[in-house]
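Listed below, chain by chain, are the residues.
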Amino acid sequence: MKYAEFVKLYDALASTTSKIKKTEILARFLEKIEEDDLLEKSILLIMGTVFPPWSEEEIGVATKLTIRAVSRAYGVSESEIEAKWKEKGDLGLIVEELASRRKQVTLFRQELSVDKVFENLKKAAQLEGGGSQERKIMLISELLIHASPAEAKYIVRTVLGDLRVGVAEGIIRDGIAKAYFTDVIWEALLTQPYGDGKKRYDALFEEKGKMVWVEKSAYISLERMSSLKFQEFLKNNDVKIVGKEEIEKLDVLWKKKSNVDILILSSAEKGSEMKQKIIDLLERAYALTNDLALVAKVAKNEGEDGLKRVKLILFRPIRVMLAQRAYSVREAFDMVGRPAALEYKYDGFRVQIHKDGDKVKIFTRRLEDVTKQFPDVVEAVRKHVTAKRCVIEGETIGYDKETKKWLPFQKISRRIKRKYEIEKMAKEIPVMTNLFDIVYLEGELTIDLPFRKRRELLKSIIKEEPYVMVLAKQLITDKDEEAQRFFEEALDLGNEGVMFKNLDAVYKPGSRVGYMVKLKTTLETLDLVIVGAEWGEGKRSGWLTSYILACRDEDTGELLTVGKMSTGLKEKSEEGTTYEEMTNLLKPLIIKEKGKEVEVMPQVVVEVSYEEIQKSPHYTSGYALRFPRFVRLRADKSVEEIDTLGRIEHLYTIQRHRSG
Ligand code: AMP
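Residues numbered from 1 in each chain as written. Predicted model: local features only at pLDDT ≥ 70, side-chain atom pairs only at ≥ 80, totals over all residues. Heavy atoms only, no water.

A. Broad picture of the overall build of the protein chain. A tally of regular secondary structure across the protein chain gives 26 helices and 24 strands. Against the 2.2 N^0.38 benchmark of 26 Å for 660 residues, the protein chain shows a C-alpha radius of gyration of 28 Å, consistent with a compact globule. Burial status across the protein chain gives 52% buried among its 660 residues. Contacts spanning at least 24 positions in sequence make up 71% of the contacts within the protein chain whose residues lie at least 6 apart. Accessible area for the protein chain stands at about 31600 Å²; split by element, carbon and sulfur atoms hold 50% of it. Side chains of the protein chain carry 113 positive and 109 negative charges; the gap between the two charge centres is 3 Å. (Helix = DSSP H or I, 4+ residues; strand = E, 2+ residues; numbered from the N terminus. Rg over C-alpha atoms; globule rule 2.2 N^0.38 Å. Buried < 20%, exposed > 50% of the residue type's maximum accessible area, 1.4 Å probe, protein only. Contact = heavy atoms within 4.5 Å. Areas by Shrake-Rupley, 256 points an atom, 1.4 Å probe, with all protein chains shown as cover. Lys, Arg positive; Asp, Glu negative; His and termini not counted. Charge placed at Lys NZ, Arg CZ, Asp CG, Glu CD.)

Laid out in C-alpha cells, this is it:
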C-alpha cells in the first residue's frame, strides 16, 4: 500500500472530532486490508508508532536528530527550523511547508510505501552504538526526500510520537469491531445524531452492497423515517426481514461467518447486549496481550472463537483491573454486595509480578518494567512464591528500617526511577509486598474464577514472611460497623483507606468495573459556581443534567472553568437535590442558549467532591476535576466566597506528591 493512502486516512481522521465518524472511517479502511502484515503495520501506524505497547522499544528519536534530518532533507539550517518550531509548536506543519516550497521536485522521487516508512522508522529506532546517530538521520531524511508535503508532515509527527489525529485506543477497538463484526443497531439509536448534522439512519440509508437483517417492527419504523431514501436503501442492499427466532440463532457476529453486515433490532437492550459482547471480547484480548495489532488480526481471521482463545503471554504485562470509588462504607457495600472482602489500601505502587522458575519480572500499573530497580522484590518472589509459573499482583510499600512504620508513597517513588546505586537504596528504604490477586497460574488464566477462589489460590502459593512478602490484610464482613472499624484501623496504620471487593466477581483486565471499590479519606471538597449547563437526553430530557463549574481567580475576580459535573444528583426525590430542582434553579438564569448547551448567570454555588485534580487545556483555569460529583447546594455562599484558583493549585501540588 502506498503511504499516500495512509496519509488520506490520517487526514480524514483528523478532519472530524466525532468519535462515531472516526470509528466509521477507520472501519472502512480496515475492511479493505487483506494481508495480515499490512493490517498489523496499519494498526501500529494509526497509533502513531511502529512498536506494540508491551514492547519496551519506542521510536524515541531525539528531537535534535529529527531536526538534523529535516535540515538535511530540505537544505534549511537547523537554527531556522528550531526558530520556526518554537513559533508554530508543530514540527509536522513546518516540514509540510518546507516540503511544498522545495524547488527542484526531484526527478528520482519514488512514491513511499507503508512498508518503506514502517521499516525505516523501525530501523532508526533500533540502531545503537557507534555511528548510529548518523544512520538514524539518514533513514529519516531518506523518507523526507521522497515524501510529499502531507506525507512529510505525518512522518515527522510519527517520529516525534505526536500524531495529532485524535484517535485513542477506544476508537481503534470500535473500528476493529465495526470492520469485522456485524454492526448491531437498534431502533432508538437510528434517530441519534451521527456527526455532521446527520442522524444514524441517514448514514444507514447511504449504505450499498450490504447484507442487512431487519427485525419486523424495526422495518416499519425505518420506512417511516424516510420512505424515499428507504426505497433506495432496499434497492442498493440485500435486505431481509427476520423474526426473533432467526436473531436468536445468530450467535456468531463475525461477518465472515454470519454473512450479516448490519443487523437492525427493535430492542435496545438486546442490541446493546449483542454489541457489548464483541466489545468485551476485544477488550479482553487487548488487555491480555496489549497488542491491538494482534487483536485486529485475530478478529479478522478467527472472529469470536479466536478472540476467546487469546492467552496471556508470560513476561508481557497485562492491563490491570482498576477500582471505582465509593464515598461511604454503605455506598461501597452497595457497589460490591454483602458480604465483601475488605483489604487495606496500601499507599505504595502496584506491582504485577511475572514468574517462570527463577526468571522474574516486575511491572508497574503503567506496564513499565521495574525489575532492575527492585532486586529485593525479585529475591522475595523467588523465595516466597512456590508456584513455578504465575502472574500475581500486589502493592509494594516502603517502611522505615528502624521503626518499621509504613512510609507514604513519595518516599519510595524515588526507587522507581532509580538507575544507579540500586542496592544501596534498597537497603536504605526497604520495601515489602502485599499480594492481593492472581491472574495466571501454571499455564492457566485464573481471571474467570471468583475473587474468593483467586485469593485461595494465591494463599496456596505464598509462604508469607512479615516485612517481605505477605497477603494483603483482609476482612470479610457484611456489617457497616465492622467495616468502619477496619477502615479506621487501616488509616491509623498509614494506609490510604480500604478496598472493598466483590467476592464472587471475576477479574476484568483493563477495566474499571465495580468489582473492586476504593474508599479513601475524602478529599477536601470544593465550593464552585455553575456557569453553564447542558440539556439531558432520553429519560432525562427536559432537565439540565450536566453543569459547567467555575472557580474564582482571586487576583482578577474572573470566573474560570474547572470541569463538568453530572453525577451526585438524584433522578427522583428521595433525599438530596434532584435534577429537576437544579433545573428550576438554573432556568431563570439562562443568558445564552446554543444547541443543547446553555450559559447561566453565575449564582448557584455547589459543593463538589472529586477524585483528582488534573492539568487540562480544556478549561480556562488550566485544571480539570476528575469525576466531579455533586455533594450539596451551598445556598449560604455567594459567588465571592467560592474557592479560588490558588486553592485548586495548592490542592493539585499536594496531590501530586501522592500519585505515582
Ligand atoms: P487508585 O490508584 O486510587 O485508583 O486505587 C487503586 C490502586 O490501589 C490499585 O491500583 C493499587 O495500586 C492500590 N492498592 C493498594 N492496596 C490494594 C489492595 N489491597 N487491593 C487492590 N489495590 C490496592
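B. Structural view of the sheet that holds strand β3 (residues 238-242). Reading across the sheet, the 4 strands line up as β1-β4-β2-β3 and stay open at both edges, with parallel pairing between neighbours. Both outer strands of the open sheet, β1 (183-186) and β3, are each paired with one neighbouring strand and no more. Looking at each pair of strands side by side, their axes are set apart by 20° on average, direction ignored. Pairing analysis gives 5 bridges linking strand β2 (residues 211-215) to β3, with the strands arranged parallel. Bridging from a neighbouring strand, Met 211 pairs with Asp 238 of β3. Strand contacts of helix α13 (residues 216-225): β2, β3 and β4 (262-265), with the helix running at about 105° to β2, the strand carrying the most contacts. (Pairing = 2+ DSSP bridges. Axes fitted to C-alpha atoms, helices over the stretch in contact; angles between N-to-C directions.)

C. Highlighting the packing of helix α4 (residues 63-74) against helix α8 (residues 132-146). Running from N to C, α4 and α8 cross one another at 50°; their axes reach a closest spacing of 8 Å. The orientation of α4 relative to α8 falls into the category oblique. You can see that α4 and α8 cross each other, and the crossing is right-handed. For the pair α4 and α8, the contacting residues are Leu 65, Arg 68, Ala 69, Val 70, Arg 72, Ala 73 and Tyr 74 in the first and Gln 133, Glu 134, Lys 136, Ile 137, Ile 140, Ser 141, Leu 144 and Ile 145 in the second. (Parallel < 35°, antiparallel > 145°, perpendicular 65-115°, else oblique. Left-handed = near helix turned anticlockwise from the far one by under 90°.)

D. Seen up close, the pattern of salt bridges. Counted according to the given criterion, the structure contains 62 salt bridges. Of the charged contacts in the structure, one is a salt bridge between Lys 153 and Glu 96, with a shortest N-O distance of 3.6 Å. Here the residue Lys 153 occupies a position in helix α9 (residues 149-159), and Glu 96 occupies one in helix α6 (residues 91-101), the gap between them amounting to 57 residues. When its relative accessible area of 22% is taken as the criterion, Glu 96 is described as partly exposed. One salt bridge connects Arg 101 with Glu 97, and the closest N-O pair in it is separated by 3.6 Å. Residue Arg 101 and its partner Glu 97 are both found in helix α6; the two are separated by 4 residues, about one turn of the helix. (Salt bridge = Lys/Arg side-chain N within 4 Å of Asp/Glu carboxyl O.)

E. Here's a closer look at empty space enclosed by the protein. One pass over the structure, following the stated rule, counts 3 cavities of 30 Å³ or more. Of the volumes computed, that of the largest cavity is approximately 60 Å³. In the lining of the largest cavity, the residues fall into 1 nonpolar, no polar and 8 charged. In this model, the second largest cavity occupies a volume close to 40 Å³. (1 Å grid on protein atoms, 1.4 Å probe; cavity = no way out; pocket = protein on both sides within 12 Å on 5 of 7 lines; lining within 4 Å. Points joined across faces, edges and corners; volume = space filled by probe spheres on them. Nonpolar A, V, L, I, M, F, W, Y, C, P; charged D, E, K, R; others polar.)

F. Summary view of the site of the ligand. Around the ligand, a shell composed of Glu 343, Tyr 344, Lys 345, Tyr 346, Arg 350, Arg 365, Glu 395, Phe 436, Met 499, Lys 501, Lys 518 and Lys 520 is seen. Between the ligand and Lys 345 there is a distance of 3.1 Å, counted from an oxygen atom to a side-chain nitrogen or oxygen. At 2.5 Å from an oxygen atom of the ligand is found a side-chain nitrogen or oxygen belonging to Glu 395. Notes on the ligand: free accessible area 490 Å², of which the protein chains cover 92%. (Near = heavy atom within 4 Å. Polar contact = N/O pair within 3.5 Å; in protein donor to acceptor, adjacent residues only side chain to side chain.)

G. Seen up close, the pairing of strand β10 (residues 431-441). Among the 11 residues of β10, 11 are classified as buried, and the element is accordingly described as predominantly covered. As defined by bridge partners, strand β9 (residues 389-398) adjoins β10 across 9 bridges and the pair is classed as antiparallel. What sits directly across from Val 391, in β10, is Tyr 440. Examined bridge by bridge, β10 and strand β12 (residues 469-471) share 3 bridges and lie parallel to one another.

H. Main features of the sheet that holds strand β14 (residues 497-502). The mixed open sheet is built from 5 strands, whose spatial order is β5-β15-β14-β6-β13. What marks the edges here is a single partner per strand, and that holds for β5 (324-326) and β13 (474-477). Taken pair by pair, the neighbouring strands of this sheet meet at an average axis angle of 30°, ignoring direction. Relative to the sheet, helix α19 (residues 329-336) contacts β5, β6 (340-345), β13, β14 and β15 (516-520), its axis offset from that of β14 by approximately 25°.

I. Examining unusual backbone geometry more closely. Of note, the bond from Arg 338 into Pro 339 is cis; its omega dihedral lies within 30 degrees of zero at -10°. Within the secondary structure layout, Pro 339 lies in the loop between α19 and β6. Phi at Lys 404 is positive, roughly 65°, even though this residue is not glycine. If you trace the backbone, Lys 404 turns up in the loop between β9 and α21 (409-417). Its relative accessible area of 36% is what places Lys 404 among the partly exposed residues. At Glu 421, a residue that is not glycine, the phi angle is positive and equals roughly 50°.

J. Representation of the packing of aromatic side chains within the structure. Applying the stated criterion across every chain yields a total of 18 aromatic pairs. Centre to centre, the rings of Tyr 344 and Tyr 346 are 5.8 Å apart; their planes meet at 70°, and the pair counts as edge-to-face. We note that Tyr 344, like Tyr 346, is buried. Aromatic pair Tyr 346 and Trp 406: ring centres 5.5 Å apart, planes at 70°, arrangement edge-to-face. Taken as a pair, Tyr 346 in the loop between β6 and β7 (349-356) and Trp 406 in the loop between β9 and α21 lie far apart in primary sequence, 60 residues in all. Residue Trp 406 is classed as partly exposed on the basis of its relative accessible area, which comes to 23%. (Phe/Tyr/Trp six-rings, centres within 6.5 Å; stacked < 30°, edge-to-face > 60°.)

K. The arrangement of the packing of α13 against helix α14 (residues 227-236) in detail. Packing of α13 against α14 leaves a shortest axis separation of 5 Å and a crossing angle of 120°. In terms of axis orientation, α13 runs oblique to α14. Across the interface between the two elements, Tyr 219, Leu 222, Glu 223 and Met 225 of α13 pack against Ser 227, Phe 230, Gln 231 and Leu 234 of α14. Its residues assigned to classes, the contact of α13 with α14 shows 5 nonpolar, 2 polar and 1 charged.

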